[in-house]
Amino acid sequence: MAPTIPDDPEPAPPPPADQAGRVETHGIDFIPDDERHGHARELFAVWAAPNVSYLSLVIGGALILMGLGLWQALGVIVAGNLFWAFVGLVAVSGPASGTPSQVVMRAMFGVLGNRANIALTGWFVSVCYLALSWAAASLAAFSLAARAGIAPSTGVKVVIIVALAAATLAISVYGHATIVKLYLPFTLALTAVFIVLAGYVLGHVDWGYEPQHPLNGVELWSAVMAGTTLVASAPLSYSNSADFARYLPRTTSPGAVAGWTALGGFVPSVLFTALGALAATALDMHDPQTALETILPTWFKPAFLLAVILGAVCNNALTAYSSGLALQSIGVRIRRSRSVILDGTLGVAMTLYALLVSDFLDTVSNILEIMVALLGPSIAIYAVDILWRRNRYDGRELTDESRDSPFWYTGGVNWAGAIALLTAFAVAFLCSDTHLYTGPIARAAGGADLSLPVGIVVAAGLYLALTRAPRPERDSVSP
């Protein structure tokens, strides 16, 4: 039975600016009320499809490899995925403002200050995730080609990577309405494959699994914190959820927007990350794709590999869509469709270099570990601002980038947001324990990575203490 979440009245049919099968004409500009359409419940599939994912299996397996017991890993999976609540809360600013997250955040950081914020937490992170996800999909596609009798030579690999990118970017270029239309059947198809996969995995699970060398004390605490941060890194990278909610009518229930968004990410992420942890009790998940194929019948292996590819396409289509908006918001004056292609081209170049020349993705992955110390504070400030302003955002004022804009603040920067973000990042960085760097606070805590909770608490507290933004009256509404 579907969860009981309030929904909105029957909307008008979508206008020509946002129709499935047509290239979306809007970028970071304001969406007028007469072009709003859709139901909040459509957001469930938008967020579910990219999270019925092979990468979720990889993360679940990694928790067991860290030395956690099965039930400890399952607890970490639930705890880390609770951060989807932030993604749901951020999404409510879309219908309120009629603008994407990259524009709403001008209220927190100022017109110019937000360009620096989005350059790192929006654009850079998106391009890195494009390369990571395409690499995982490409490896599955190489295996599928080999099964079809096509030797994966360098030329074949290049063609496969470019073809995957082209399919992904086509969805992103067509945009919002096409994503909403496609992601429900994609979710159903992916779920069907992963349910069959789950049937084979569950037949091999060691329900009494305990690690050979159980962790205790500080070592256990360190592994739990590291695992929670790893799981939470996925929802924390989605501070862009207003991008996919901004076309909804202004009267759409905020509870419905937040609920369907958060559930769309939370439910599949918990289920399929848990499936990866369960598989790791019986299989060597250092190479998850190869390990899983050993327990699958021959007839099902192509379907599994296709699901890995489709999940990556779904994930990257959302990522590329938002990275295009991010590129526009940092001042690159090109149409959204071209900004998507530009970012996609850079992501393809990184993927080709990583798979054909160098083990570059390890470096990218290590950088993203450190970026959690910035992503947590950024989304925390966003969430606090929504609550402080009671989700009252004037979309037309937010799109004004002139010195007369109410969001110009001082020299184009809202110093409350900038100081809160930089201070929280600095403190969280000192609490980080990653492959590249261990901060002095983390070292003193025996290797426990406290960057996630510390960064969020410091950012939220400082922003509230420093903000001088006028708090809207409860009965005020955006024009």
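Overview of the structure. What you are looking at is a predicted structure, and each value in this text was computed from that prediction instead of being measured.

**So, the overall build of the protein**
For the protein, the helix and strand inventory stands at 20 helices and 0 strands. For the protein, the C-alpha radius of gyration of 22 Å lies close to 23 Å, the compact-globule estimate for 479 residues. Its C-alpha atoms give the protein principal-axis dimensions of about 60 × 55 × 50 Å. Burial status across the protein gives 57% buried among its 479 residues. As displayed, the protein has an accessible area near 18700 Å², and 67% of this comes from carbon and sulfur atoms.

**What to know about helix α10 (residues 176-202)**
Between its terminal C-alpha atoms α10 stretches 37 Å, which fits the 39 Å expected from 27 residues at 1.5 Å a residue. Its maximal kink placed at Y183, α10 deviates by approximately 35°, while the proline P185 follows within four residues.

**Digging into the packing of aromatic side chains**
Inspection of every chain in the model, using the stated rule, returns 15 aromatic pairs. Aromatic side chains F44 and W260 sit 6.0 Å apart centroid to centroid with 85° between the ring planes, which places their arrangement in the edge-to-face category. In this pair, F44 is assigned in helix α1 (residues 42-48) and W260 in helix α12 (residues 254-280), connecting sequence segments 216 residues apart. Their ring planes at 90° and their centres at 5.6 Å tell us that W47 and F244 sit as a pair that is edge-to-face. With W47 in helix α1 and F244 in the loop between α11 (217-236) and α12, this residue pair connects regions lying 197 residues apart in the sequence. Pair check on accessibility: W47 and F244 agree, each one buried. In this structure an aromatic cluster arises from ring pairing among W47, W84, Y238, F244 and Y321.

**As for a nonpolar patch on the surface**
A surface patch of nonpolar side chains, about 370 Å² in accessible area, is lined by W71, L202 and W207. Structurally, W207 is set in the loop between α10 and α11.

**Some thoughts on the nonpolar core**
Core analysis: the biggest nonpolar cluster contains 127 residues, and W47, M108, Y183, L197, V201 and F304 have the highest contact counts within it. Top contributing element to this core by residue count: helix α14 (residues 301-329), with 14 residues. Among residues more than four places away in sequence, those in contact with W47 are W84, V87, Y238, N240, S241, F244, T261, G264, G265 and L318.

**A short note on the environment of S402**
Counting through the fold element by element, S402 comes out in the loop between α17 (395-398) and α18 (415-430). Of the polar contacts made by the side chain of S402, one reaches the side chain of D400; its length is 2.8 Å.

**So, the packing of α18 against helix α20 (residues 451-466)**
In contact at an axis separation of 8 Å, α18 and α20 are set at 155° when each is read in the N-to-C sense. Judged by the inter-axis angle, α18 sits roughly antiparallel to α20. Classified by chirality, the crossing of α20 by α18 is right-handed. Judged by residue contacts, A416, G417, I419, A420, T423, A424, V427 and A428 of α18 engage S451, V454, G455, V458, A459, L462, Y463 and L466 from α20.

**A few points about the side chain of S133**
Examined against the element boundaries, S133 turns out to sit in helix α8 (residues 113-147). Judged by its relative accessible area of 4%, S133 falls in the buried class. With residues near it in sequence (within four places) discarded, S133 still touches L55, A312, N315 and N316.

Parameters and conventions
Residues numbered from 1 in each chain as written. Predicted model: local features only at pLDDT ≥ 70, side-chain atom pairs only at ≥ 80, totals over all residues. Heavy atoms only, no water. Helix = DSSP H or I, 4+ residues; strand = E, 2+ residues; numbered from the N terminus. Rg over C-alpha atoms; globule rule 2.2 N^0.38 Å. Buried < 20%, exposed > 50% of the residue type's maximum accessible area, 1.4 Å probe, protein only. Areas by Shrake-Rupley, 256 points an atom, 1.4 Å probe, with all protein chains shown as cover. Expected span 1.5 Å × (residues − 1). Bend = angle between axes of the 7 residues up to and from the residue. Phe/Tyr/Trp six-rings, centres within 6.5 Å; stacked < 30°, edge-to-face > 60°. Patch = residues over 30% accessible without salt bridge, like charges linked within 9 Å, V, L, I, M, F, W, Y side chains within 5 Å. Salt bridge = Lys/Arg side-chain N within 4 Å of Asp/Glu carboxyl O. Core = buried A, V, L, I, M, F, W, Y, C linked by side-chain atoms within 4.5 Å. Contact = heavy atoms within 4.5 Å. Polar contact = N/O pair within 3.5 Å; in protein donor to acceptor, adjacent residues only side chain to side chain. Axes fitted to C-alpha atoms, helices over the stretch in contact; angles between N-to-C directions. Parallel < 35°, antiparallel > 145°, perpendicular 65-115°, else oblique. Left-handed = near helix turned anticlockwise from the far one by under 90°.

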